Amino acid sequence: MATPTKYPTEALKCWPKAKEIRQQYYKDYASAHDRGGIRWSGGAWAFDAVPMGLGDDVHVMTGEPYAASIAFDRKFAQECQDATDARGWARDLCSYMRIYWGSMYLNRFFFGGEFPKPDFYYQTQICCSHAKWDQEASLHEKVPFYCIDVCVGPYETLTEERLNYVVKQLHDSIEGMEKTTGRKYDDEKLIAAVHNECRSTSLWAEICTLNKAIPAPLDEKTMFSLYVLNTLQRSSKQIGDFYEELRDEVKDRVARGIAAVPYERCRIITDTQPPWGFLKIYRYMEQFGVVSVGSLYTFGLEGIFGEQEDGSWGPRKTPQQLGIKIKTRDEALRITADWNLSRPQWQHFYDPAIKTRMMLRIYNEWKLNGVILHLNRGCEGLTVGSSENRLGLIKAGVPVMTYEGNMADEKEFDERRTTSRIESFMETLGLEQIPGAVAAQAAS
Amino acid sequence: MIEKFKEWYINRHTYAKQWKEQTGGKVIGTFCTYVPEEILVAAKMLPARILGSHEPQDVTEPHIFGMFCPFCRDALAQGLKGRFNYLDGVVLAHSCIHFRQTFNSWRIHLPVEFSYYIPMPNTVQTPHARSYHRVEVENFKKAIEEYTGRPITEQDLDRGIEILNRNRRLLRKVYECRKLDNPPLTGEEAMYMAVTSQFIDKEEHSNVLEAVLKELPERKLPRDSGIRLMAVGSENDDAEFFKMVESVGSTVVIDEQCAGSRYFWNESVPNGDRLAAIANRYLDRPPCPVKDYPAHSRFQHVLNLAKDYRAQGAIIMQEKFCDPHEGDNPRLKKFLEENGIPTLSLEFDSTNPLGPFRIRVEAFLETIRGEELF
């Protein structure tokens, strides 16, 4: 076997900053009340720009990344899930939700101290679990719950009436938040937040688009730690600024041919959240020279894409880039509603064929060799339609492997079985372990 | 006459094929009970709800991952096995992600002349759902008109509304009889009545209901009604289960399920705007948990039913993997128990272990009877 090319690699310079932002985010949330600020909780898909109009001291903790953080700590994750099970909730419910509830029931905050009670919950209703999650949390914490129904069909069929339905609910939610907090809402802050939201999510799409390069400047395992900032608070200026810095660094890596995986010779994407406690499966794939350049999940959970002038997929142009000046609350809400409804990861909720089309686009434009689908027992929302995606990809001639697991409940993940399946998939792709890659990992 | 419903239940596919031959009309498969059937009936179509068969099946594994509810897989299996090959079209009104998969796999692998997705609001409590859903009902009407090539007039809509409302009223009257000390019909029989209204021609169904209503005052069941139970929870048309429950000293006197009362409980209230009346009817009906936000408005309705029908206990029937119900049940159970209604929770699959279920039901009934002693 010929020795594969070894690309130069470098650590990301802005990595420590990403870590710092994340740590500060949880500290700010926990201490918000000490400083007279406001706390709200909800999902990573909540319209997070909207509560920003309540002031600069409004802090959010989105449930999914909080639960994913806990999932890395298998012992605490288990304690949280046990606490939820003990209250009678079914064990097949969303594992993020079960962990979040458990942390809440136990009154233990993963980052230290008591569980910080929010002033209100704010959520979108698209998946069967999301709205139930915050309905229960708001009842337990005895705080209001604002739920925005976004079930208006796929973006490609969006009409004025469908958009208006979402916008009207957003208007109502502002009135509710004003009553709950006793604060006067500031439209200028909302407008700034919407601009930041569009900037952050378009920038992330741009960063993902840079991964079309060979070698890929980023691998998915690294991307997990970077995309997460948008799930925390995409409407924050700090996060938009960070993504600008990251975009510039990734551009530079592409220009200099810096790789994420030194022996890259096979490019794949995965699907849905990974089993967070077992990210080493990505390292295992690297031993075969495989780089996962992302997934529709890492790209489109919080990246907003659009068709480019040359017909390819890339960042959607922001209102600023289009020269749109947002002047009123209604305009801001219409833009955030439209922007969020175009989220790639919301489309499969309506039709798996849309997701298959997007995956095939990624397969072709990101120059892939195969796809690995995680049939994720922990997240019904992102696993909806996965089986049809598999059939659609196979029909298009794409090599596909699946494995079962759970993003946050280790009891539902079989590591040995998964690595065996990966090994078989590698064999079908004609790949063997690269001794240099194995030795380098063993030494690290 | 009451046996007619069971006969229809068993021979539903034969019925639909014969209806089609006799009328030359179109049969439209409805996914979930939120499809505004008034529009289909106004267009002289037969709405036929897609249900499962409660038989083991091995055909859906490539299409729907096994972590999704057995009902959505069982329903798709019926299509893949060719049992619904008479359908001219399929319609889904937005509800849970589980059943949406059935609809989408159906569209991909079992093409029909007409398929339509109605993006119905899921947060039915927001006041904005009303004007929005009216538009979606109107869009659906237009799509049907385009498909049939015939306009649906106001008179057609009035007819559609009245046919549906009459059927709902009659089912309510039948259910009213279940409030009696000795109900003249079993829960199993009531289930056949309610569920068949979801796929039998509504007028024909109503005619038989009317005839049965005449018989019911004189009807005496050759059995002691025993403990009065309520069935509450996910989709369930498992007749064998009801039969078993009622064979061990109880009668199911009321249900809160989409195969039963949730389907027909309220009417379209004419208000001059026919489409708004239809749209509002589906927003105002007893909600599936997937649509019950931000408050649990459903809980009080469940309790009211339990009280009105003097249920002594409730069986919470949980379809395995059904997230919307799983997201309600622990609080619903607590709510019912705090209000004096003991509960028994059972997890359902497409096929169910009646032996172990029987033991649990018997134990539950003993507990209730024991409380009566003191």
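The structure we're discussing is the one just above.
This structure is a prediction, so every number in the text was calculated from the model and none was measured. (Residues numbered from 1 in each chain as written. Chains lettered and ligands numbered in written order. Predicted model: local features only at pLDDT ≥ 70, side-chain atom pairs only at ≥ 80, totals over all residues. Heavy atoms only, no water.)

Considering the overall build of chain B
Tallying secondary structure elements over chain B gives 16 helices and eight strands in all. Against the globule reference of 21 Å for 374 residues, chain B gives a C-alpha radius of gyration of 20 Å, in line with a compact fold. The principal-axis extent of the C-alpha atoms belonging to chain B is close to 65 × 45 × 40 Å. Looking at the 374 residues of chain B, the share that counts as buried comes to 64%. For chain B, restricting intrachain contacts to residue pairs at least 6 apart in sequence, the fraction spanning at least 24 positions comes to 76%. For chain B, the centre of its 48 positive side-chain charges and the centre of its 54 negative side-chain charges are spaced 2 Å apart. (Helix = DSSP H or I, 4+ residues; strand = E, 2+ residues; numbered from the N terminus. Rg over C-alpha atoms; globule rule 2.2 N^0.38 Å. Buried < 20%, exposed > 50% of the residue type's maximum accessible area, 1.4 Å probe, protein only. Contact = heavy atoms within 4.5 Å. Lys, Arg positive; Asp, Glu negative; His and termini not counted. Charge placed at Lys NZ, Arg CZ, Asp CG, Glu CD.)

Quick notes on the overall build of chain A
Within chain A one finds 18 helices and 10 strands. The globule rule puts the C-alpha radius of gyration for 444 residues at 22 Å, and the 21 Å found for chain A is close to it. C-alpha extents for chain A along the principal axes are approximately 70 × 55 × 40 Å. Burial status across chain A gives 64% buried among its 444 residues.

Considerations on the interface of chain A and chain B
Listed as interface residues are 46 residues of chain A and, on the opposing side, 48 residues of chain B. The largest contributions to the chain A side of the interface with chain B come from A:Cys128, A:Lys132 and A:Tyr165, which together make up 17% of the buried area. There are four salt bridges connecting chain A and chain B. Taken together, chain A and chain B are joined by 17 residue pairs in polar contact (both at pLDDT 80 or more). Contributing elements (two or more residues each) for the side of chain A that touches chain B: helix H5 (130–141), strand E4 (145–149), helix H6 (160–181), strand E9 (370–376), helix H15 (380–383) and helix H16 (386–395) of chain A. Residues of the side of chain A that touches chain B, tallied by class, amount to 20 nonpolar, 12 polar and 14 charged. (Buried area = accessible area lost by both parts, 1.4 Å probe. Salt bridge = Lys/Arg side-chain N within 4 Å of Asp/Glu carboxyl O. Polar contact = N/O pair within 3.5 Å; in protein donor to acceptor, adjacent residues only side chain to side chain. Nonpolar A, V, L, I, M, F, W, Y, C, P; charged D, E, K, R; others polar.)

Things to note about the nonpolar core
Formed by 273 residues in total, the largest nonpolar core has its most connected members in A:Val50, A:Tyr96, A:Tyr100, A:Trp101, A:Tyr122, A:Leu246 and A:Trp276. Not counting residues up to four positions away in its chain, the partners in contact with A:Tyr96 are A:Glu64, A:Ala67, A:Ala68, A:Trp133, A:Gln273, A:Trp276, A:Tyr297, A:Met407 and A:Ala408. (Core = buried A, V, L, I, M, F, W, Y, C linked by side-chain atoms within 4.5 Å.)

Observations regarding helix H3 (residues 74–86) of chain A
Counting along an α-helix, one turn takes 3.6 residues, and residues three or four places apart therefore face a common direction. Residue and element names in this part refer to chain A. A rise of 1.5 Å per residue sets the reference length of H3, with its 13 residues, at 18 Å; its end C-alpha atoms lie 18 Å apart and thus fit the reference within 8%. Regarding H3, the residues found buried are Phe-76, Ala-77, Cys-80, Gln-81, Ala-83 and Thr-84. The buried residues of H3 all sit within an arc of 155° when viewed along its axis, so they share a single face. Summarising the geometry of H3, the exposed residues directed more than 90 degrees from the buried face are Lys-75 and Ala-86. Along its buried surface, H3 packs onto helix H2 (63–71) and helix H4 (95–106). (Expected span 1.5 Å × (residues − 1). Arc of directions from axis to C-beta.)

Some thoughts on the environment of B:Phe264
All names here are of chain B. With respect to the secondary-structure elements, Phe-264 resides in helix H11 (residues 261–264). On the basis of relative accessible area, Phe-264 is assigned to the buried category, the value being 1%. Measuring from C-alpha to C-alpha, the distance between Phe-264 and Val-195 comes to 9.9 Å, with 69 residues separating the pair along the chain. For Phe-264, the contacting residues outside a window of four places in its chain are Arg-168, Leu-171, Arg-172, Tyr-175, Ala-194 and Arg-281.

Brief notes about the pairing of strand E1 (residues 27–31) of chain B
Residue and element names in this part refer to chain B. Most of E1 is tucked away: five of the five residues are buried. Side chains Val-27, Gly-29 and Phe-31 of E1 all project onto a buried face; the interleaved residues Ile-28 and Thr-30 project onto the opposite face, where all are buried too. The pairing of E1 with strand E2 (residues 46–49) spans four bridges and is parallel. Among the inter-strand pairings, Thr-30 is bridged to a residue of E2, identified as Arg-49. In the sheet, E1 pairs with strand E3 (residues 89–93) via four bridges, with the strands oriented parallel. (Pairing = 2+ DSSP bridges.)

Quick word on helix H5 (residues 97–109) of chain B
Residues and elements named next belong to chain B. The terminal C-alpha atoms of H5, which comprises 13 residues, lie 18 Å apart, in line with the 18 Å expected from a rise of 1.5 Å per residue. Among the 13 residues that make up H5, 10 are buried, leaving the element largely enclosed by the rest of the structure. Along H5, the residues classified as buried are Ile-97, His-98, Phe-99, Arg-100, Gln-101, Thr-102, Phe-103, Asn-104, Ser-105 and Trp-106.

A word on the pattern of salt bridges
Under the criterion given, the structure shown has 63 salt bridges over all chains. When the shortest N-O distance is used, the salt bridge between A:Glu415 and A:Lys280 registers 3.2 Å. Linking A:Glu415 in helix H17 (residues 415–428) with A:Lys280 in helix H10 (residues 280–286), this pair joins segments that are 135 residues apart in sequence. A relative accessible area of 28% means that A:Glu415 is categorised as partly exposed. One network of salt bridges, in which partners are shared, links A:Lys132, B:Glu256, B:Arg262, B:Arg298 and B:Asp328.

Section: the packing of helix H7 (residues 154–177) of chain B against helix H9 (residues 202–215) of chain B
All names here are of chain B. Where H7 meets H9, the closest approach of the two axes is 9 Å, and the angle between their N-to-C directions is 30°. Put simply, H7 runs roughly parallel to H9. Read as a crossing pair, H7 and H9 show a hand that is left-handed. Seen from H7, the contacting residues are Ile-163, Leu-164, Arg-166, Asn-167, Leu-170, Leu-171, Lys-173, Val-174 and Cys-177; seen from H9, they are Lys-202, Glu-203, His-205, Ser-206, Asn-207, Leu-209, Glu-210 and Leu-213. Its residues assigned to classes, the contact of H7 with H9 comprises eight nonpolar, four polar and five charged. (Axes fitted to C-alpha atoms, helices over the stretch in contact; angles between N-to-C directions. Parallel < 35°, antiparallel > 145°, perpendicular 65-115°, else oblique. Left-handed = near helix turned anticlockwise from the far one by under 90°.)

Concerning the pairing of strand E6 (residues 250–256) of chain B
Residue and element names in this part refer to chain B. Among the seven residues that make up E6, seven are buried, leaving the element largely enclosed by the rest of the structure. As paired elements, strand E5 (residues 227–233) and E6 share six bridges and run parallel to each other. Pairing of Val-232 across the sheet is with Glu-256, part of E6. Read as a crossover between parallel neighbours, the route from E5 over helix H10 (residues 239–246) to E6 is right-handed. (Right-handed = clockwise from strand over helix to strand, strands pointing away.)

Description of the packing of aromatic side chains
Applying the stated criterion across every chain yields a total of 53 aromatic pairs over all chains. Seen from their ring centres, A:Tyr227 and A:Tyr297 are 5.4 Å apart, and the 70° between their planes marks the pair as edge-to-face. Placement of the pair is A:Tyr227 in helix H8 (residues 220–233) and A:Tyr297 in helix H11 (residues 296–300), with a sequence separation of 70 residues. Each member of the pair A:Tyr227 and A:Tyr297 is classed as buried. Note on B:Phe264 and B:Trp265: the rings are 5.9 Å apart at their centroids and 45° apart in plane angle, and the pair reads as tilted. Taken together, the ring pairs in this structure connect A:Tyr25, A:Tyr26, A:Tyr66, A:Phe76, A:Tyr100, A:Phe109, A:Phe110, A:Phe111, A:Phe115 and A:Trp133 into an aromatic cluster. Across from the ring centre of B:Trp265, 3.8 Å away, lies the NZ or CZ of B:Arg172, which sits over that ring. (Phe/Tyr/Trp six-rings, centres within 6.5 Å; stacked < 30°, edge-to-face > 60°. Lys NZ or Arg CZ within 6 Å of the ring centre and 35° of its normal.)

A short note on the sheet that holds E4(A)
Residues and elements named next belong to chain A. Read from one edge of the open sheet, four strands run E2-E1-E3-E4, paired in parallel fashion. If you trace the sheet from one side to the other, it starts and ends with strand E2 (58–62) and E4, each paired once. Adjacent strand axes in the sheet meet at a mean angle of 25°, parallel and antiparallel pairs treated alike. In terms of strand pairing, strand E3 (residues 120–125) meets E4 through five bridges, oriented parallel. Within E4, the residue paired with Tyr-121 across the bridge is Phe-145.

Brief notes about the environment of A:Ala442
Residues and elements named next belong to chain A. Inspection of the secondary structure puts Ala-442 in helix H18 (residues 435–443). Under the relative-accessibility criterion, Ala-442 is labelled exposed at 66%. C-alpha of Ala-442 to C-alpha of Ala-131: the two residues are 311 residues apart in sequence and 44 Å apart in space.

Digging into the side chain of A:Glu264
Residues and elements named next belong to chain A. The topology assignment puts Glu-264 in the loop between helix H9 (237–256) and strand E5 (266–270). For Glu-264, a relative accessible area of 6% gives the class buried. There is a polar contact of 2.7 Å between the side chain of Glu-264 and the backbone nitrogen of Ala-216.

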